[in-house]
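Tertiary structure, described
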Amino acid sequence: MAEQKRVRHILSLSGGKDSAALAIYMRDRVPEMEYIFSDTQKELPETYEYLERISSFLGKEVVRLNADVGFDHWYEMYGGMIPSNHRRWCTRALKLKPFEQYCGDQEVINYVGLRAEENRSGYISHKPNITAVYPFKEDGLVLRDIEEILRTSGVGMPPYTQWGRTRSGCYFCFYQQKIEWVKLKETHPDLYDKAKAYEKPYEKTGNFFTWSQGESLEELEQPARMDQIRREHVIRIVRQKDRKENATLAEVFSEADRAEEPEDDDEQGCLICQL
């Protein structure tokens, strides 16, 4: 009789609330689960702290991918061209490829933390040996359930949410909102300066690429501009609140989903980084 192949169970942590809650949710359901984190070496310090907190709760090591080759290696390989929503080499080189290499050719069930109310598919590998499953969708869990899982476990929400960051990922993630750049400047001015240092003319073409759509970080950090971003953010929050007060229940839930999306309509965050 042929020996049955072992199926690996792998859950990728991003440093975000959904993947953290899924890890907690699945801990006793799949004891053989492997937990991994694709480390770009450019994460927020709060993300690394959160991963340690999750690992402690799980009682298992979170395997760090990209231990020797982080963002700067690939940045040099791409000739000093910073990534953007049109040039997402960072996702491909630092998230997708390391994950698929880690999986190898074995049969893998990949657990993805998409919630029941989310209308998106997340990352699905094209490798035939990797099958994605969505426990939250299957079990009908929504945002309030995820928050409850994090609260009752003691793991809590990601600590970067305390100062206004809404997403995990690199500190210079080009998908973050303008107000998040302001908050980064206020909370981690050293990281803001490091992100700003990447903004320089691309040698091959002379084009000047920026992290934040439509303006450089040097322009964004000017006091008058930062004040403007803060005012616009407050106005947006007030308008959202007004719409909720006059909305039907279905509209309220729809608005809650949109409130987590980036401010720029054409930006859709890197799903594999956010979950």
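To be clear, the structure that these remarks concern was listed above.
Only a predicted model underlies this, so the values are computations on that prediction, with no experimental measurement involved.

1. Some words on the overall build of the protein
The helix and strand inventory of the protein stands at 12 helices and 5 strands. Relative to its 275 residues, the protein shows a buried fraction of 47%. Partitioning the intrachain contacts of the protein with sequence separation of at least 6 by distance along the chain shows that 66% fall at a separation of at least 24. When the accessible surface of the protein is split by element, carbon and sulfur atoms take 50% of a total near 14300 Å².

2. Overview of helix α8 (residues 189-197)
Looking at α8, one finds that the buried residues are L191, Y192 and A195. Considered in projection along α8, the buried side chains sweep an arc of 105 degrees and stay on one side of the axis. In this structure, the buried side of α8 is in contact with α2 (45-58), α7 (178-187) and α9 (217-220).

3. Some words on the environment of Y160
For Y160, the location among the structural elements is in the loop between α6 (143-153) and α7. Among the residues examined, Y160 registers a relative accessible area of 2% and is labelled buried. Measuring from C-alpha to C-alpha, the distance between Y160 and Y50 comes to 9.0 Å, with 110 residues separating the pair along the chain. Once residues lying within four places of it in the same chain are set aside, the contact partners of Y160 are G15, G16, L44, E46, T47, R165, T166, R167 and S168.

4. Regarding the pattern of salt bridges
Considering all chains together, one arrives at 19 salt bridges under this definition. Two residues, D105 and K127, come together in a salt bridge whose shortest N-O distance is 3.9 Å. Here D105 is found in the loop between α4 (89-103) and β4 (108-111), whereas its partner K127 is found in the loop between β4 and β5 (130-133), with 22 residues between them in sequence. Ionic pairing is found between R230 and E186, a salt bridge with its closest N-O pair at 2.7 Å. With R230 in helix α10 (residues 223-245) and E186 in helix α7, this residue pair connects regions lying 44 residues apart in the sequence.

5. A word on the environment of S153
As for its position among the elements, S153 is in helix α6. Excluding residues that lie within four positions of it along the chain, S153 makes contacts with I24 and F57. From its side chain, S153 meets the backbone oxygen of I149 in a polar contact 3.1 Å long. In terms of polar contacts, S153 uses its side chain to reach the backbone carbonyl oxygen of L150, at 3.0 Å.

6. Some thoughts on the sheet that holds strand β1 (residues 8-13)
Taking strand neighbours across the sheet as the criterion, the 5 strands line up as β3-β2-β1-β4-β5 in an open arrangement whose pairing is parallel. Among the strands making up the open sheet, the edge pair consists of β3 (62-65) and β5. Along the sheet, successive strands turn relative to each other by an average axial angle of 35 degrees, direction set aside. Sheet topology note: the β1/β4 ladder contains 4 bridges and is parallel.

7. Some points on the nonpolar core
Core analysis: the biggest nonpolar cluster contains 31 residues, and F71, Y171, F172, W181, L184, Y198 and W211 have the highest contact counts within it. Once residues lying within four places of it in the same chain are set aside, the contact partners of F71 are T40, K42, P83, W89, L94, F172, Y198 and W211.

8. Describing the packing of aromatic side chains
Scanning the entire structure with this criterion turns up 14 aromatic pairs. On the numbers, 5.9 Å between centres and 20 degrees between planes, the contact of F71 with Y75 is stacked. Residue F71 and its partner Y75 are both found in helix α3 (residues 71-77); the two are separated by 4 residues, about one turn of the helix. A single burial state applies to F71 and to Y75, both of which are buried. Between the aromatic rings of F71 and Y198, the centroid separation amounts to 5.6 Å while the plane-to-plane angle is 90 degrees, which identifies the pairing as edge-to-face. Within this pair, whereas F71 is found in helix α3, its partner Y198 is found in the loop between α8 and α9, the two being separated by 127 residues in sequence.

9. Regarding the pairing of β3
A regular strand places its side chains on the two faces of the sheet in alternate fashion. Sheet analysis places strand β2 (residues 34-38) next to β3, joined by 4 bridges and oriented parallel. Residue F37 lies in a different strand from β3, and its bridge partner there is R64. With α2 bridging β2 and the parallel β3, this β-α-β connection has right-handed handedness.

10. Section: the packing of helix α1 (residues 17-26) against α6
Two elements in contact, α1 and α6, have axes whose closest approach is 9 Å; the angle formed by their N-to-C orientations is 65 degrees. Crossing of α1 against α6: the hand is left-handed. In contact with K17, D18, A20, A21, I24 and Y25 of α1, α6 contributes L143, I146, I149, L150 and S153. Of the residues in the contact of α1 with α6, the class split is 8 nonpolar, 1 polar and 2 charged.

Quick notes on the rules
Residues numbered from 1 in each chain as written. Predicted model: local features only at pLDDT ≥ 70, side-chain atom pairs only at ≥ 80, totals over all residues. Heavy atoms only, no water. Helix = DSSP H or I, 4+ residues; strand = E, 2+ residues; numbered from the N terminus. Buried < 20%, exposed > 50% of the residue type's maximum accessible area, 1.4 Å probe, protein only. Contact = heavy atoms within 4.5 Å. Areas by Shrake-Rupley, 256 points an atom, 1.4 Å probe, with all protein chains shown as cover. Arc of directions from axis to C-beta. Salt bridge = Lys/Arg side-chain N within 4 Å of Asp/Glu carboxyl O. Polar contact = N/O pair within 3.5 Å; in protein donor to acceptor, adjacent residues only side chain to side chain. Pairing = 2+ DSSP bridges. Axes fitted to C-alpha atoms, helices over the stretch in contact; angles between N-to-C directions. Core = buried A, V, L, I, M, F, W, Y, C linked by side-chain atoms within 4.5 Å. Phe/Tyr/Trp six-rings, centres within 6.5 Å; stacked < 30°, edge-to-face > 60°. Right-handed = clockwise from strand over helix to strand, strands pointing away. Left-handed = near helix turned anticlockwise from the far one by under 90°. Nonpolar A, V, L, I, M, F, W, Y, C, P; charged D, E, K, R; others polar.

So far we have only geometry, and geometry alone does not tell us how the molecule works.
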